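# Close look at the chain arrangement
So the chains spell out like this:
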Amino acid sequence: MDKEKELPKRKDIRLKNYDYSSPGAYFITICTKNRKNYFWNGSIDPQVFSWRSVGANCVRPQNLPLSNIGKIVLDELEKWNQTYPAVSLYSYVIMPNHLHIMVVISADEYVQPQVAPTVERMVKQFKGAVTKKIGVSIWQKSYIEHVIRNKKDYETRSNYIYENPLRWYYDELYAEE
């Protein structure tokens, strides 16, 4: 391959030597390929949009204008708590071309990590399940994760999830069809 055709090297965004199955909270963003809007039909109606607690630790947006693919994504997200016993899906939001997920990997009463998959494995299995159901991959190659370091960081990320639908047109991932 000559120099002109070499692809740029991707910057490694993962923390070096960090175990992404460690107990703690993680903020994950998964985008669609080319920021194509697959997940919503139309726009959000701020008059009917709301949040609802589902279980002790999970908050779910209500009345998003989800497309059929968006409903498949929702269905797969709701399986996380049953699929991974050491993982709790705390909150999430499905946007037109991306989703934000806040998960907590827990430890047992002796502060020993429970058997948990890595964040990378959870994202890979999630993307694979959605791809299998719709018959084609719609995903950007990677994903973004952030290790939540303290209560203020957690609150900042939670607020971002809660506000994201109502701020869609100002979002850095906003893309018109």
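The sections below set out a description of the structure shown in this document.

Before going further, it helps to examine the pattern of salt bridges. A complete count under the given rule lists 5 salt bridges for this structure. One salt bridge in this structure joins lysine 79 and aspartate 75, with 3.7 Å as the shortest N-O distance. By relative accessible area, which is 33% here, lysine 79 ends up partly exposed. The class for aspartate 75 is partly exposed, based on a relative accessible area of 32%. Measuring nitrogen to oxygen at the nearest pair gives 3.1 Å for the salt bridge that ties lysine 79 to glutamate 76. Residue classification places glutamate 76 among the buried residues on the basis of a relative accessible area of 8%.

Below, the discussion takes up the pairing of strand β1 (residues 24–31). Look at any regular strand and the pattern is simple: side chains alternate between the two faces of the sheet. Buried residues dominate β1, accounting for 7 of its 8 residues. Taken together, the 8 bridges between β1 and strand β5 (residues 98–105) define a ladder with antiparallel strand orientation. If you follow cysteine 31 over to β5, its bridge partner there is histidine 98.

Residues of helix α1 (residues 68–77) that are buried: Gly70, Val73, Leu74, Glu76 and Leu77. Each buried residue of α1 lies within a common arc of 165 degrees when the element is viewed along its axis, so the set occupies one face.

The next point concerns the nonpolar core. Grouped together as the largest cluster of nonpolar side chains are 43 residues, with contacts concentrated most on Leu77 and Ile101. Elements that contribute at least two residues to this core include exactly β1, α1, β4 (87–94), β5, α3 (119–134) and β6 (144–148). What leucine 77 contacts, discounting residues up to four positions off in sequence, is Leu89, Tyr92, Ile94, Leu99, Ile101 and Phe126.

Helical geometry: 3.6 residues make up each α-helical turn, so side chains three or four residues apart lie on a common side. Relative to the 22 Å expected for 16 residues at 1.5 Å per residue, α3 spans 23 Å between its end C-alpha atoms, a close match to the ideal helical length. What α3 keeps buried is the set Val119, Met122, Val123, Phe126, Lys127 and Val130. Each buried residue of α3 lies within a common arc of 125 degrees when the element is viewed along its axis, so the set occupies one face. Within α3, the exposed residues directed more than 90 degrees away from the buried face are Glu120, Lys124 and Lys132. Buried residues in α3 make contact with β1, α1, α2 (80–83), β4, β5 and β6. Two residues or fewer after α3 comes glycine 135, characterised by a positive phi angle close to 90 degrees.

Calculation rules
- Residues numbered from 1 in each chain as written.
- Predicted model: local features only at pLDDT ≥ 70, side-chain atom pairs only at ≥ 80, totals over all residues.
- Heavy atoms only, no water.
- Salt bridge = Lys/Arg side-chain N within 4 Å of Asp/Glu carboxyl O.
- Buried < 20%, exposed > 50% of the residue type's maximum accessible area, 1.4 Å probe, protein only.
- Helix = DSSP H or I, 4+ residues; strand = E, 2+ residues; numbered from the N terminus.
- Pairing = 2+ DSSP bridges.
- Arc of directions from axis to C-beta.
- Core = buried A, V, L, I, M, F, W, Y, C linked by side-chain atoms within 4.5 Å.
- Contact = heavy atoms within 4.5 Å.
- Expected span 1.5 Å × (residues − 1).

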